[in-house]
Amino acid sequence: MTGFIPVNEPVLDGNEKKYLAQCIDTGWISSEGPFVREFESRFAARVGRKHSVAVCNGSAALDAAAAALRLGPGDEVIMPTFTIISCASAVSRLGATPVLVDCDPKTWNMDPAAIEDRITERTRAIMVVHLYGLPVDMDPVMEIAQRRGLRVIEDAAEMIGQTYRGRPCGSFGDLSTFSFYPNKHVTTGEGGMIVTDDDALAERCRSLRNLCFIPARRFVHKELGWNFRMTNLQAAVGLAQLERLDEFVARKRRSFARYMDLLSDVRGIQLPVASTAFAENINWVFGIVLDDALEMDASGAIQRLAGQGIGTRPFFWPIHEQPVYRRMGLFLGEKHPCAERIARRGFYLPSGLALTEEQIARVAESVRRILA
Ligand SMILES: *Cc1c(COP(=O)(O)O)cnc(C)c1O
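So, a few notes on the structure that sits alongside this text. Keep in mind that what you see is a predicted model, and the values were worked out from it rather than measured.

A tally of regular secondary structure across the chain gives 12 helices and 13 strands. For 372 residues, the compact-globule formula gives about 21 Å, and the C-alpha radius of gyration of the chain, at 21 Å, lands near that figure. For the chain, the spread of C-alpha atoms along the principal axes amounts to about 70 × 55 × 40 Å. Counting over 372 residues, the chain shows a buried share of 56%. Contacts in the chain between residues at least 24 apart in sequence constitute 71% of all its contacts with a sequence separation of at least 6.

This brings us to the site of the ligand. Taken together, Asn57, Gly58, Ser59, Ile84, Val129, Asp155, Ala157, Glu158, Ser179, Lys184 and Gly191 are the residues near the ligand. Residue Ser59 places a side-chain N or O atom 2.6 Å away from an oxygen atom belonging to the ligand. Note that an oxygen atom of the ligand is positioned 2.7 Å from one of the side-chain N or O atoms of Ser179. Relative to its unbound accessible surface of 390 Å², the ligand loses 91% to contact with the protein.

Turning our attention to the sheet that holds strand β9 (residues 192–196). Across the sheet, 7 strands lie side by side as β1-β9-β8-β5-β4-β2-β3; this open sheet has mixed pairing. Each having just a single partner strand, β1 (51–55) and β3 (97–101) make up the two edges of the open sheet. The mean angle between the axes of side-by-side strands here comes to 20°, regardless of whether they run parallel or antiparallel. Here strand β2 (residues 76–80) pairs with strand β4 (residues 123–129) via 3 bridges, running parallel. Each residue of the ladder has a partner; that of Glu76, found in β4, is Thr123. Sitting on the sheet, helix α6 (residues 199–209) is in contact with β1, β5 (151–155), β8 (175–179) and β9, with an inclination near 15° to β1.

At Tyr132, a position not held by glycine, the phi torsion is positive, near 65°. Turning to its location among the elements, Tyr132 is positioned in the loop between β4 and α5 (138–148). On the accessibility criterion, Tyr132 (3% relative accessible area) is buried. Here Leu211, not a glycine, exhibits a phi torsion of approximately 60°, which is positive. Mapped onto the elements of the fold, Leu211 is located in the loop between α6 and α7 (232–242). According to the relative accessible area criterion, Leu211 is partly exposed, its value standing at 31%.

Parameters at a glance
Residues numbered from 1 in each chain as written. Predicted model: local features only at pLDDT ≥ 70, side-chain atom pairs only at ≥ 80, totals over all residues. Heavy atoms only, no water. Helix = DSSP H or I, 4+ residues; strand = E, 2+ residues; numbered from the N terminus. Rg over C-alpha atoms; globule rule 2.2 N^0.38 Å. Buried < 20%, exposed > 50% of the residue type's maximum accessible area, 1.4 Å probe, protein only. Contact = heavy atoms within 4.5 Å. Near = heavy atom within 4 Å. Polar contact = N/O pair within 3.5 Å; in protein donor to acceptor, adjacent residues only side chain to side chain. Areas by Shrake-Rupley, 256 points an atom, 1.4 Å probe, with all protein chains shown as cover. Pairing = 2+ DSSP bridges. Axes fitted to C-alpha atoms, helices over the stretch in contact; angles between N-to-C directions.

This is the structure:
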């Protein structure tokens, strides 16, 4: 027993300090500094997109993306119920309505086959969210979107460095978004990015990020935006992180392969899917779902692991079961059995980039112990 193992710990031992020192030495600490544009252009190149707009976090990226599409009252956006609140709030804050689909029990991603049934004459967009390490099956999603004339917002927050059939995640949406929270493959502390190939949408995101200032007369506004700007300090860290993305992806894959080796014979738990026909898991987090036969649910397991010095996180809570939306009278009576089940039986183990072999061994041992 050698101390608490946190659920996430980032790795910051590349050029982060050097680039941050440059910010301080030159006095460029706001969003006007040169690292912001450098980080934007390197990130766009990595994902293969024409434009990128750095913002202050991944939730803000979703807010700006939804607003850029001018979603509003009466509009519907199809999205998974099993996701972070940011996806739904980006849509519902504009007065538009999230329309939810259940997830796949193995990959935990939204089921593309469930999308078409939920399309109405009010549907404007599909919000795809790639979860926990595996991309959504994009071919059927893009086919439906094209045929039905729908926009695609792609939340690729957990997929930095991931591909779908060899093509980068984040290259599929009319607008695609990323987060640089410290548990993502690239971190800026807090941060986010919107990428697109559409000149007008990119311009609109830039404007929304910066309070919708107009060039003609500063402090005169024809629309309401936000201050979603990323600072030069954040971008400096992001650039240093991005330089090591391939190494980070390889490091996570090694850690997860180790977890798989150590846990594959443990009964009563479902482990992540290592690969699908279109992608190898990028292992954002190492999720576990407890079998229904076990009396213990995720909160019981989380509590017991905490008692052994192991940090964990529960899975997302389904959007259709969120008290805030229930209170608004939304999603009443909706049932999405897979999301409801994994929300109660799923959690993830320490999954950060700084995780050591010894820590993984200790975590696996503790998982065995609480299940014995
Ligand atoms: C992390 C995350 C976000 C939110 O990003 P923040 O930077 O924390 O606001 C959005 N969507 C998904 C799928 C995420 O994992």
